[in-house]
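Chain by chain, the residues run as shown.
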Amino acid sequence: MNIMDFNVKKLAADAGTFLSRAVQFTEEKLGQAEKTELDAHLENLLSKAECTKIWTEKIMKQTEVLLQPNPNARIEEFVYEKLDRKAPSRINNPELLGQYMIDAGTEFGPGTAYGNALIKCGETQKRIGTADRELIQTSALNFLTPLRNFIEGDYKTIAKERKLLQNKRLDLDAAKTRLKKAKAAETRASQLNSARLEGDNNMSEQELRITQSEFDRQAEITRLLLEGISSTHAHHLRCLNDFVEAQMTYYAQCYQYMLDLQKQLGSFPSNYCNNNQTSVAPVPSASSNVIGSSALTSTSGLVIASPTNLIDLKECSGSRKARVLYDYDAANSSELSLLADEVITVFSVVGMDSDWLMGERGNQKGRVPITYLELLN
C-alpha cells in the first residue's frame, strides 16, 4: 500500500511539473512570460552542433547514394543492418556486364577478333567491379560508419542533454514567475495576511534557488558536451581523408585497367576476316607493315590491315618471322596457342583457309589466325 501511495504521489508530482512547464512554454510563445536567455557562447555551441548534425546527415545519405545508386538495394542493406544480419552478396553492375561480355565472347568464339575483344573487355569490367566493391567496403568502414556513429550516438546524447536543459530552464522561469506573483500579492495584501504571504515568498525564493542551481549545473554539462563538436570535426576530417584516398585508389585502378584494355584493343584489326568474308579498308597507310601490308590507323587507335597485302602474304613462298599482336587460345589440336609479343615463324600452305597461316614455334606447329600477326622485316 505504501508503494502504491508512493507511485501515485510521484505520478502526481510528474504531472504537476509537466503542466507547469507546458504553461510556461505556452506563455513564452504568447509573449506573456519572460524567458531566461542562454549565454552567447552556449547559443553558438548549440547552433554549431545543430549545423554539424544537419550537414553530416546530408553528406552521409548522399555518399550512400553515390556508393549504391540502387534505392532498393540500400533499403535491403538498411533492413539487414537493423536486424544485425549480414546482407547477402550481390553481383554489382560492372561484374554483371563483364560476365555478359565474357559469355558472349565465348559463344562468338575466342578465336574471332570480336569474341576475343569481348572477353578482354569483360575481364576488365569484372576487375572494375571488384575495385568498386572494395571502394564501398572501405568507404563504409572508414567514412560512413564514423558519421553514423556521431548521428546515432554523440548527437543523441547532446540532444538528450539539450532537452533536459530546456526543461530546467522552464522550471527556472516558472519559479521566477511564481516568486514575482507572490511578491506582487504581498504588496496588495492587508496586514492580516502578511505573515502567511511572507511564508509563501520564502518558499518561492527557496524554489528559485534550487531551480537556478539545477539549471546552471545542466547548462555546464551541456556546454562540455557541445565543446566536443570541435573534436568531432577533427575526427570527421581524418575520415574524409580516408574516403578521398579510397576514391583515389579506386579511380587509379580503373584508369590502369582501362589503359591496359585500350592497349590490348589497339592491336585488334578492325576488318577482321571471318568465314571467308573480307572487308575492304578505305585508305591504307604506307608506313605500317602489319602482316606484310600497309595499315590505316583510325581515330580510335585501331590498326586496319590491308586485305590485298594479306593475300600477297598467302601467295608468297617460304617462311617469314612474325610478331604476335595479342594472346590467342587454340580452339583445337590443329591450332597453335599464341602469346602477345612472342615471335614465331609463319608460312602458307596450299589449300588452307585464307584467314589462317601455319605457325611454328620450336617443335610446336599449328594453324594461327592471320590477323593476330605482324610481319617482321
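Cut-offs used in this document
- Residues numbered from 1 in each chain as written.
- Predicted model: local features only at pLDDT ≥ 70, side-chain atom pairs only at ≥ 80, totals over all residues.
- Heavy atoms only, no water.
- Helix = DSSP H or I, 4+ residues; strand = E, 2+ residues; numbered from the N terminus.
- Expected span 1.5 Å × (residues − 1).
- Buried < 20%, exposed > 50% of the residue type's maximum accessible area, 1.4 Å probe, protein only.
- Polar contact = N/O pair within 3.5 Å; in protein donor to acceptor, adjacent residues only side chain to side chain.
- Salt bridge = Lys/Arg side-chain N within 4 Å of Asp/Glu carboxyl O.
- pLDDT = per-residue confidence, 0-100.
- Contact = heavy atoms within 4.5 Å.
- Core = buried A, V, L, I, M, F, W, Y, C linked by side-chain atoms within 4.5 Å.
- Patch = residues over 30% accessible without salt bridge, like charges linked within 9 Å, V, L, I, M, F, W, Y side chains within 5 Å.
- Areas by Shrake-Rupley, 256 points an atom, 1.4 Å probe, with all protein chains shown as cover.

Enquirer: Would you explain unusual backbone geometry in this entry?
Expert: Excluding glycine, residues mostly carry a negative phi; peptide bonds, for their part, are mostly trans. The phi angle at Asp341 is positive, at roughly 75°, despite the residue not being glycine. Along the chain, Asp341 falls in the loop between strand S3 (319–324) and strand S4 (343–347).

Enquirer: Looking at this structure, how should I read helix H2 (residues 40–67)?
Expert: The end-to-end C-alpha distance of H2 is 40 Å, a good match for the 40 Å that 28 residues give at a rise of 1.5 Å each. Those residues of H2 lying buried are Leu42, Leu45, Leu46, Ala49, Thr52, Thr56, Met60, Thr63 and Leu67. One side-chain oxygen at the N-terminal end of H2 lies 3.1 Å from the backbone nitrogen of His41; it belongs to Asp39.

Enquirer: I'm lost on the pattern of salt bridges in this one. Help?
Expert: Pairing is possible between side chains of opposite charge, provided their charged atoms come close. Summed over all chains, the structure comprises 15 salt bridges. When the shortest N-O distance is used, the salt bridge between Arg162 and Glu50 registers 3.7 Å. You can see Arg162 sitting in helix H5 (residues 113–188) and its partner Glu50 sitting in helix H2, a full 112 residues away along the chain. Judged by relative accessible area, Arg162 falls into the partly exposed class, the value being 34%. Across the salt bridge formed by Asp173 and Arg169, the nearest N and O atoms sit 2.6 Å from each other.

Enquirer: Honestly, the confidence of the model for the protein in this entry has me stumped. Any pointers?
Expert: The predicted coordinates should not be examined in detail at positions where pLDDT is low. In the predicted model, the protein carries a mean pLDDT of 80, and the fraction of residues at 70 or more is 77%. When the elements of the protein are averaged for pLDDT, strand S1 (residues 295–297) gives the smallest value, 35, and H2 the largest, 95. Low pLDDT, under 50, characterises residues 270–309; the stretch is placed with 79 contacts to residues that sit more than four places away or in other chains.

Enquirer: I tried to follow the nonpolar core on my own but got confused; where do I start?
Expert: In this structure, Leu338, Ile344, Val346, Leu357, Val368 and Leu373 are the most contacted members of the largest nonpolar core, which totals 19 residues. Elements represented by at least two residues in this core include exactly S3, S4, strand S5 (356–361) and strand S7 (373–375). With 3 residues, S5 is the largest single contributor of residues to this core.

Enquirer: Teacher, can you tell me more about a nonpolar patch on the surface here?
Expert: On the surface, Ile54, Trp55 and Ile59 cluster together to form a nonpolar patch covering roughly 290 Å² of accessible area. Assignment of secondary structure puts Ile59 in helix H2.

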